[in-house]
Amino acid sequence: MPVATEEEEDNRLTQKIARVLDEARGSNATHLRKLKDMAALRSSSSSPLRFFALFSKTLTPLFNFHRRAASAERIVRFVAIFASTRDEKSAVDCDAFLKEFLRFLVRAAGAANKTARFRACQVISEIIMRLPDDAEVSDELWDEVIDNLKVRVGDRVPVIRTFAVRALSRFANDSENSDILELFLQTLPLEQNPDVRKTIILSLPPTNASSAAIINCTLDASESVRKAAYCVLGSKFPLQSLSIKLRTIILQRGLADRSTGVAKECLKLMKDEWLMKCCNGDPLELLKYLDVETYELVGESVMGALLKAGSVKVQDGQSIKQFLASTNNTTEGNRVQLMEAEVALYWRTVCKHLQMEALAKGSDAATTMGTEAAVYAAEASDKNDLLERILPAAVSEYVELVKAHIVAGPNYRFTSRQLLLLGAMLDFSDATNRKVAGAFVNEMLHRALEHEFDEDGNKVMIGDGIHFGGDKDWADAVSGLARKVHVVQGEFEEVVLGVVEELAQPCRERTADFMQWMHCLSVTGLILGNINSFRWMQGKSAELLQSLLLPGAKHVQLDVQRASVRCLGLFGLLERKPSEELIKQLRLSFVKGPSPVSTMACKALIDLGMWHGPQEVDKAMNRDLLSQLRDDAVPFHPIKLCDSGEDLNIELLDLLYAGLEGSDWRSTTDADENESVQSVLGEGFAKILLLSEKYQSIPASAHPLIFAKVISLYFCTETTELQRLKQCLSVFFEHYPSLSKCICKAFIPVMRSMWPGINGNAAGLPVMVSNMRRRAIQVSRFMLQLIQAPLYAKETEQVDENGSNNSPETMDDLVDASDDLEYGEGGLAIRIAAEAGSFHSKKTAAEKSYLSAIARILLLLQFRPSEQRAVKLMRRLLKRVAESVSAEKELVKELKRMAERLKAVDKDPDQELLPNEAHLILGRLELELNLNEDESREMPPTPAPRSVRPTRARRRARHVEESSSDDEVSPTSVVPNNPGTMSTRSQRASKTAAMTKMTIANRAIRVNNDDEDIEEVSEVTSEDDSDESDACLE
């Protein structure tokens, strides 16, 4: 009887607990009242452990409920609040319940059922986030909870990882748990699910290590992750805690983000956190934290965003005129106060914004009528009035202000350039103002270049030695002001050309030193780079070429040669047809000049070739030129430029390709030089290849040669000076899938040229061979990616006779759609098969590894159903490929599967391909291959049958092992140690082993690549009832 009474009491208590939970799941508003009811039930129980047992038993169905329904979420919230609330009247019972409940949840978090793990981690995270700091929990229990959550961070279900990270986030700030922060930082770059990455970012504490990880996430592919990164940076990292470089990176990425939401989050960070809290709302103070002299573009984007958001207010009395007042830190007779760099950038951007706003409002007023037009006109007038109040009252004051900063020295050069750019907002319509400004421009052009003296007392020019003033930004600012002042057609050319004539007088008389030469050439480059034709130069172009540019290119001083060659390139772009003297001099400078001169001549020749066309440039030589690139029958032989005479009797592209081919014909570049001849040539040929349709004079046979060299440069690892080239090529390669014919034709030559030990390539140490093979395989997969990339609609669509667009796949399949076989994967597959069949039966280790690599690429290629003749030909050639890699048993099996796929694609597998059809396909692919009509299409048996002579079998196995050990980069072949055992195994056992391997591989792939929510988790699980919950958890 007492036992029955206890069971009845347990049943009644269980029913009461279930009733409270059922009522709590209806609404969050009832939770406060139901918490009291549940606490009363716990107090009325005879033992806390007895109450916990009944409570956990009642709550168990929640751990089998996989849907993220609102009712289930309310129960989770209620249970977490109940477990984390500590009543002082029954503190012992509360602590005991919490202790037992946490242990129950830890055991559930390690269950095989994914739903149980998910609910356990969810409840644990809710409890931990709600627990007070003085909660009575033993350290041993916390260690057990933390260790279990660390394991769950690596769970295969994303939502479980999310709640595990959320639960651990409270311990990440504790110095005793530094391993949690290390776990977060290690997991973040490897995590595939964006929700988990977002949770990790929100959980990171503010440290130096975490700041770098969070800033890296501002480039994340997920918009929510990027927004979370900027949210954390704004809330946890004050402006002063970040370096200048990190501040500029954050703002540069955020303000230019493609997502409007991310840009708004970055603007919120900049306005609310950095500007208002750290800089007291002063934009000038914010600019000082950004080092605008080094990061000018970031400063401009920051000011543009603040002005657009209305966060910059010009106070009364603030203007540029205040720097013309008398102060202590002044120059020019105590009239001009020098500006700081941040102030100059601030006023330039403010004035530009006001001018653009006034123009926009004025345009709106002109296009509307009535009251609306009057409102727009009034707003435009207000903007213009504010702009006039900020700018100097007269042009003479503006000139005085700029002169003062120029005289102040190089420390105020940035401010001087900002003030020069500010001149675009001034009005030069008045003759007096134009005269004053014109005199100032003339003085600027006559101003000598800045220089310093070396240890021997020689002059050393400051700047890049090419542009006027030493850098391009300064030259653009001066030319912009000059064009604003001399706005009449031809006046700009007349004024600047007059300055050139004055500066060129000592150069003609051969009395000028190299500084005078450089000054004259910089002004010449200024005018040549800012005009569109020689129309307004009044026939002085020929004199400029003969008396200044050509003599400068032959000057003894290296810097003078370089500047003259640059001007020759600009001069050639303005000519209707390139002149003979100019082209000859550029070719001579390219071949015989030092590295800086040769690089500049290379740029000029490429620009002229792309502007006028290579054929026009060759015509300028007025003689017959030879070309190996144009002759398909003649193999290309590298030309030794260093052994040539003054000029080579070859066409422009052959000359440039010879420079790309050779590396020892010129002196090496300086360590501080950012460009080389190879870098410039690679970028130029990449542009020519991309725009090959516009250059019909370039033979199509040259495209594969050019592509092979360009992609070799892109994957070059020995030369560190080509980083800029690689960055440019990475952009070009995104558009190269349209050149699939060129890529297919260049595939085999590229692989042959890069694989060590074949085709005359040097091998070297085993480590070097391994690295070279890895690089070649990387290149092959990259080219395959380019071929398989989808093309734009205009490139894939074809227009039939009726004017409708049809893709190649939708055309008549019965007619072999091999018109584009050279462009697709089928043509590449036939090329690889022909290459594999071209090797002899006895192969070296390098040849075996090479054939294995290209055969693995062959397995990744697909044939379209419309390519019936190509499919038949490939079925015929596939046997040769299998025979060439017969030592690779697993590879032979894969080739056999490919043969089965091709047979399934073949609509008439029993029909043989006619010889003339096969030769037609091979001819279109420019392949020479002997086909045996009696050759069988059946693949060799796999595994290979055991030899009659056991000694022969053992010798073959030893050869296979040697070949496999030599191939470091290909996956390890599964070759049995005893061929006899392999051959005597039953067919059933072979099938069972193969199926087991496939199952294990599929399971590993699914586990490693699981980056989706829990509803998309793999069906391969270890529990029986987990399959029902895959489609509902999120």
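None of the values given here were measured: they were computed from a predicted structure.

Q: Help me out: how do you make sense of the overall build of the protein in this one?
A: The secondary structure content of the protein amounts to 44 helices and six strands. For the protein, the proportion of its 1034 residues judged to be buried stands at 48%.

Q: Just to check I follow, could you spell out the nonpolar core for this structure?
A: Within soluble globular proteins, side chains that are nonpolar tend to cluster in buried spots. Phe101 and Phe707 are the most contacted members of the largest nonpolar core, which has 294 residues in total. No other element matches helix α24 (residues 514-528), which puts 10 residues into this core. Residues within four places of Phe101 in sequence aside, it is in contact with Phe52, Phe55, Leu59, Val79, Ala83, Val123 and Ile127.

Q: How should the packing of helix α30 (residues 652-661) against helix α32 (residues 702-714) be read in this particular structure?
A: Working note: a packed helix pair is described by the angle between its axes plus the distance between those axes. Where α30 contacts α32, the axes come no closer than 11 Å and their chain directions differ by 30°. Here α30 lies roughly parallel to α32, going by the angle between them. Remark: the crossing between α30 and α32 carries left-handed chirality. For the pair formed by α30 and α32, the contact residues are Tyr657, Leu660 and Glu661 on the first element and Leu705, Ile706, Lys709 and Leu713 on the second. The class makeup of the residues in the contact of α30 with α32 is five nonpolar, no polar and two charged.

Q: How should I be thinking about the packing of helix α39 (residues 868-884) against helix α41 (residues 915-924) in this particular structure?
A: Their axes nearest at 10 Å, the elements α39 and α41 cross at an angle of 95°. Between α39 and α41, the crossing angle belongs to the class labelled roughly perpendicular. Residue-level contacts link Arg869, Ala870 and Leu873 of α39 to Glu917, Ala918, Ile921 and Leu922 of α41. Of the residues that constitute the contact of α39 with α41, the class distribution is five nonpolar, no polar and two charged.

Q: What am I meant to see in the environment of Ala762 here?
A: Checked against the element boundaries, Ala762 lands in the loop between α34 (740-754) and α35 (766-788). A relative accessible area of 61% places Ala762 in the exposed class. Setting aside anything within four residues of it in sequence, one finds Ala762 in contact with Pro756, Gly757 and Met772.

Q: Sorry, what's going on with helix α22 (residues 472-485) here?
A: Helical periodicity: at 3.6 residues per turn, an α-helix aligns residues three or four positions apart in one direction. Over its 14 residues, α22 extends 20 Å from the first C-alpha to the last, a length consistent with the 20 Å expected when each residue adds 1.5 Å. The complete set of buried residues in α22 reads Trp474, Ala475, Ala477, Val478, Ser479, Leu481, Ala482 and Val485. Buried residues along α22 sit against α19 (395-407), α20 (413-422), α21 (431-446), α23 (491-508) and α24. At the N-terminal boundary of α22, the capping side chain belongs to Asp471, with an oxygen 3.2 Å from the backbone nitrogen of Asp473.

Q: Sorry, what's going on with the packing of aromatic side chains here?
A: Each aromatic ring pair is specified by the distance between its two centres and by the angle formed by the two planes. This model, assessed by the stated rule, comprises 25 aromatic pairs. Their ring planes at 35° and their centres at 5.9 Å tell us that Phe55 and Phe82 sit as a pair that is tilted. In this pair, Phe55 sits in helix α3 (residues 48-59) while Phe82 sits in helix α4 (residues 70-84), placing the two residues 27 residues apart along the sequence. Here Phe55 matches Phe82 in class, with each residue buried.

Q: Would you take a moment to explain the pattern of salt bridges for this structure?
A: A side chain of one charge can pair with a side chain of the opposite charge if their charged atoms are brought near each other. Per the counting criterion, the structure on display carries 39 salt bridges. Put simply, Glu543 and Arg508 hold a salt bridge, and the shortest N to O gap is 3.5 Å. Pair noted here: Glu543 is in helix α25 (residues 541-553) and Arg508 is in helix α23, with a separation of 35 residues, a long-range link. Its relative accessible area of 42% is what places Glu543 among the partly exposed residues.

Q: Would you mind going over the environment of Arg166 with me for this structure?
A: Secondary-structure assignment places Arg166 in helix α8 (residues 158-168). Sequence separation between Arg166 and Val196 is 30 residues; the distance between their C-alpha atoms is 9.3 Å. Apart from residues lying up to four places away in sequence, Arg166 is in contact with Ser125, Glu126, Met129 and Thr199.

Q: Can you walk me through the state of the cysteines in this structure?
A: Structurally, a disulfide amounts to a covalent bond that connects the sulfur atoms of two cysteines. Within the structure shown, the criterion is met by zero disulfides. Here Cys744 is not cross-linked by a disulfide; its sulfur's nearest cysteine counterpart is in Cys742, at 9.2 Å. Accessibility expressed as a relative area gives 0% for Cys744, which makes it buried.

Q: Would you mind going over a negative patch on the surface with me for this structure?
A: Side chains of Asp139, Glu140, Asp143, Glu144, Asp147, Asp174 and Glu176 sit close together on the surface and give a patch of like negative charge. Assignment of secondary structure puts Asp139 in helix α7 (residues 139-153).

Q: I would appreciate a short explanation of the confidence of the model for the protein in the present structure.
A: Close inspection of predicted coordinates is inappropriate for parts of the model with low pLDDT. Summarising the model, the protein shows a mean pLDDT of 82, and 82% of its residues fall at 70 or more. Contacts for the low-pLDDT stretch residues 944-991, under 50 throughout, to residues beyond four places or in other chains number 44 contacts.

Q: I'm lost on the environment of Ser301 in this one. Help?
A: Tracing the chain through its elements places Ser301 in helix α16 (residues 296-308). Along the sequence, Ser301 and Leu251 sit 50 residues apart, while their C-alpha atoms lie 8.4 Å from each other.

The rules behind the values
- Residues numbered from 1 in each chain as written.
- Predicted model: local features only at pLDDT ≥ 70, side-chain atom pairs only at ≥ 80, totals over all residues.
- Heavy atoms only, no water.
- Helix = DSSP H or I, 4+ residues; strand = E, 2+ residues; numbered from the N terminus.
- Buried < 20%, exposed > 50% of the residue type's maximum accessible area, 1.4 Å probe, protein only.
- Core = buried A, V, L, I, M, F, W, Y, C linked by side-chain atoms within 4.5 Å.
- Contact = heavy atoms within 4.5 Å.
- Axes fitted to C-alpha atoms, helices over the stretch in contact; angles between N-to-C directions.
- Parallel < 35°, antiparallel > 145°, perpendicular 65-115°, else oblique.
- Left-handed = near helix turned anticlockwise from the far one by under 90°.
- Nonpolar A, V, L, I, M, F, W, Y, C, P; charged D, E, K, R; others polar.
- Expected span 1.5 Å × (residues − 1).
- Polar contact = N/O pair within 3.5 Å; in protein donor to acceptor, adjacent residues only side chain to side chain.
- Phe/Tyr/Trp six-rings, centres within 6.5 Å; stacked < 30°, edge-to-face > 60°.
- Salt bridge = Lys/Arg side-chain N within 4 Å of Asp/Glu carboxyl O.
- Disulfide = S-S within 2.5 Å.
- Patch = residues over 30% accessible without salt bridge, like charges linked within 9 Å, V, L, I, M, F, W, Y side chains within 5 Å.
- Areas by Shrake-Rupley, 256 points an atom, 1.4 Å probe, with all protein chains shown as cover.
- Lys, Arg positive; Asp, Glu negative; His and termini not counted.
- Charge placed at Lys NZ, Arg CZ, Asp CG, Glu CD.
- pLDDT = per-residue confidence, 0-100.

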